[in-house]
Amino acid sequence: MKECQSFLLGTILLLPVVSVSAFYLPGAAPRNFEPGEQVDLFVNALTPMLSGKDDSKLVRYLDNDYYNPAFHFCQPEGGPQSQPESLGSILFGDRIFNSPYDIKMLEENGTCRTLCTQQVPPQDAKFINDRIREDYALNWLVDGLPAAEMKKDMKTGDIFYDMGFNLGDDDNETPYLNNHYDIVLRYHERDPGIYRVVGVLVWPSSRGSPQEDTDRVECDSNVQPLLLSETQTTTVRYTYRVTWEESDTPWATRWDNYLHIFDPRIHWFSIVNSIVIVVLLCVMVAVILMRTVSRDISRYNAIDLSEDVQEDWGWKLVHGEVFRTPRVPMLLAVMVGNGAQLCAMCSVTLVFALLGFLSPSNRGSLATVMMVCWSFFGGQVTFLSPVPVHSKAARFLYRIGGYYSSRVYASLGGVDRRKNAFATATVLPTLVFIIIFLLNFFLLVAGSSGAVPFTTMLLIVLLWFGISAPLSAIGSYIGSRQGGVSHPVRVNQIPRQIPPTPRYLQPWVSTLLAGILPFGAAFVELYFIMSSLFASRAYYAFGFLALTAGVVALTTGTVTILFTYFILCAEEYRWHWRAFMTGGGSAFWIFLYGLFYWASRLSLDSFTSVALYLGYLFLICLFDFLVTGTIGFLASYWVVRRLYGAIRVD
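From a predicted model like this one, the values you see are computed outputs, not experimental measurements.

Take Thr234: it is sitting in strand E13 (residues 234-246). At 3.1 Å, the side chain of Thr234 and the backbone nitrogen of Ser229 are in polar contact. Not counting residues up to four positions away in its chain, the partners in contact with Thr234 are Gln118, Gln119, Val120, Leu226, Leu227, Leu228 and Ser229.

Moving on, we get to the environment of Gln118. Assignment of secondary structure puts Gln118 in strand E3 (residues 111-120). In this view, Gln118 contacts His72, Phe73, Cys74, Thr234, Thr235, Val236 and Tyr238; residues no more than four positions away in its chain are not counted.

Taking 1.5 Å per residue, 29 residues should reach 42 Å; helix H9 (residues 454-482) reaches 41 Å between its end C-alpha atoms and fits that length. Helix geometry: H9 is bent most strongly at Trp464, by close to 30 degrees. Gly483 sits one or two residues past H9 and shows a positive phi near 80 degrees.

Counting across every chain of the model gives 14 salt bridges. Residue Lys151 pairs with Asp162 through a salt bridge whose shortest N-O separation is 2.8 Å. Pair noted here: Lys151 is in strand E6 (residues 148-152) and Asp162 is in strand E7 (residues 159-163), with a separation of 11 residues, a long-range link. For the salt bridge of Arg190 with Asp191, the shortest nitrogen-to-oxygen distance reads 2.8 Å. Among the residues examined, Arg190 registers a relative accessible area of 48% and is labelled partly exposed. Since its relative accessible area comes to 33%, Asp191 is described here as partly exposed. By sharing partners, the salt bridges in this structure join Asp102, Lys104 and Arg113 into a single network.

For the protein chain, per-residue confidence averages 81 on the pLDDT scale, and 84% of positions sit at 70 or higher. Mean pLDDT values for the elements of the protein chain range from 36 in helix H1 (residues 2-18) up to 95 in strand E2 (residues 97-98). A low-confidence stretch, residues 1-27 (pLDDT under 50), is modelled with 26 contacts involving residues beyond four sequence positions or located in other chains. Overall, residues 380-399 carries pLDDT values under 50, and its contacts beyond four positions in sequence, including any with other chains, amount to 30 contacts.

What follows covers the packing of aromatic side chains. Applying the stated criterion across every chain yields a total of 38 aromatic pairs. Ring geometry for Tyr565 against Phe566: centres 6.1 Å apart, planes inclined by 55 degrees, an arrangement best described as tilted. An aromatic cluster is defined as three or more aromatic residues linked by ring pairs; in this entry it consists of Tyr66, Tyr67, Phe71, Phe73, Phe97, Phe127 and Tyr238. The positively charged end of Arg131 is found above the aromatic ring belonging to Phe127, 4.7 Å away from the centroid. In this structure, Arg131 packs its charged tip against the face of Tyr136, placed 5.8 Å from the ring centre.

This brings us to the environment of His487. By secondary structure assignment, the location of His487 is in the loop between H9 and helix H10 (507-534). Looking at His487, the relative accessible area reads 25%, which means it is partly exposed. Here the side chain of His487 touches Tyr637 through a polar contact of 2.7 Å, side chain to side chain.

A separate point is the packing of H10 against helix H14 (residues 607-645). One way to put it is that H10 packs onto H14 with a least axis distance of 12 Å and a crossing angle of 135 degrees. With respect to H14, the element H10 is oriented oblique. Viewed along their axes, H10 and H14 form a crossing whose handedness is right-handed. Facing H10, whose interface residues are Met530, Leu533 and Phe534, H14 presents Tyr613, Tyr616, Leu617 and Ile620. Residue composition of the contact of H10 with H14, grouped by class: 7 nonpolar, no polar and no charged.

Each value, and the rule that gives it
- Residues numbered from 1 in each chain as written.
- Predicted model: local features only at pLDDT ≥ 70, side-chain atom pairs only at ≥ 80, totals over all residues.
- Heavy atoms only, no water.
- Helix = DSSP H or I, 4+ residues; strand = E, 2+ residues; numbered from the N terminus.
- Polar contact = N/O pair within 3.5 Å; in protein donor to acceptor, adjacent residues only side chain to side chain.
- Contact = heavy atoms within 4.5 Å.
- Expected span 1.5 Å × (residues − 1).
- Bend = angle between axes of the 7 residues up to and from the residue.
- Salt bridge = Lys/Arg side-chain N within 4 Å of Asp/Glu carboxyl O.
- Buried < 20%, exposed > 50% of the residue type's maximum accessible area, 1.4 Å probe, protein only.
- pLDDT = per-residue confidence, 0-100.
- Phe/Tyr/Trp six-rings, centres within 6.5 Å; stacked < 30°, edge-to-face > 60°.
- Lys NZ or Arg CZ within 6 Å of the ring centre and 35° of its normal.
- Axes fitted to C-alpha atoms, helices over the stretch in contact; angles between N-to-C directions.
- Parallel < 35°, antiparallel > 145°, perpendicular 65-115°, else oblique.
- Left-handed = near helix turned anticlockwise from the far one by under 90°.
- Nonpolar A, V, L, I, M, F, W, Y, C, P; charged D, E, K, R; others polar.

Pasting the structure below:
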């Protein structure tokens, strides 16, 4: 991965040498408007959101289509038309349509207008009132910017834009529908007569004035809020007013108000705390390796060869067993290969995000890049070089997926390499697809707009069969040709008896103990990530996320090395699976934290919402287990080879 990241960074640094002309990334180019030009307002699916109260909980985890007939929103002439979306945007639940709002640049400033009048029957009124009680929010888009409400961070005093706005108001335990929208569009004048949209604010309100009077439109008078009757049909008149405000904010920084980081001191405290933990662990490992292990190696190698009998002790006792083939080596190799593939995907995606390639204007770009990276990292990709391939300084290899799996499998003594290649390309994707298809079925039954269309599912399967699986097979073939890693000591023919191990070195105990430190290094960022995934909160703190990921990787590697050394000193030579389980121990704590988050921030009241939350939580824990388990296994493998390669064995 260091070679991969160095290549990407070097390529990016060389771009100014190749061309010095400015360019914009796809989906991130500014759009210029002239006075009177149409400014399109698009509508997205309604999503549940956490209210501003400290004790608020998310009740429902299902999106609803904006043009669901039960909402009775105004429709454009000719009916709503779906807008083109990326693969990641669809997977994240975006369902974008056009709208009937007539907005022209710098025209109709402050004019109150009627959009339409709708008749809401009792059964649909109950549906809308239930969504209001569940704090559903409307999501609009103007020039790629989400409509938001202006709010103030009470801890820092900063003004920020909170994306989305409430469908209604139920602060007084009575649901009132917001049927009037004050739309404030902020613009920046780049050149005379050339304008760009740099902010979209919406203040919704409920107005219960006579709904049938369409000739008289009043937006400023104080009226009673609109209550939908659940016993008789209610007439609802939707009105809106557009206000244009000039802003000094340039187009390049228009997202700064949206991407607000709540109390950055918490992030910095978490990072500093995690770095301190990593430093202490690295010092501990260094002390063990430089003092204890070096002393042991010197003692073992200083044996007088003239002596007839020399009794071994400590970790040297198992030198003839430490590289014995573990149980189910194929499954271990498959998990390591898929973990390496996931690790590469996350690393490259973070690099692109840190360099600013994943613009928030290009909705779903994060998920799209992750899907593409996962597909292409299934095997091994070699960048051609005039230097011979065996030169390490000139090779840039994505040794991912099938390549790692086949080499680890060969190193563990496996012989059925074709079966290993097939399992690497199919086991994890099949498991993930089964879970996703099952969750998607629940969404379809519940009538949620978040259900992934069949064509999108088919596209993902084609990506798997057409790109990922063939590349995985190619990587497995290349890895098999190179063979396994050589071991510094031979394996005895007869296995050695294993003495009882201390309680703290029992498999599940050591796994849980080792997982505390990596989880402790990431649990603060984990809260914000969970809020982004399950509570419709935006998360773009990729700098903090990258630092946290690096700290977690170092913590996982050092903790696993320590426990591997301890179990070898206890004459327990079955370290392969133990290293993977120890490295992946943080996944169990993440699952427990997910249950705590459910109890503290969620109040899911339907089977579908519970199934979705637990299903996605299981996938998060599975991916974390594979990534951290792979890091722990590879770190331990490297140390064990170096350790036993430094001693002299008769």
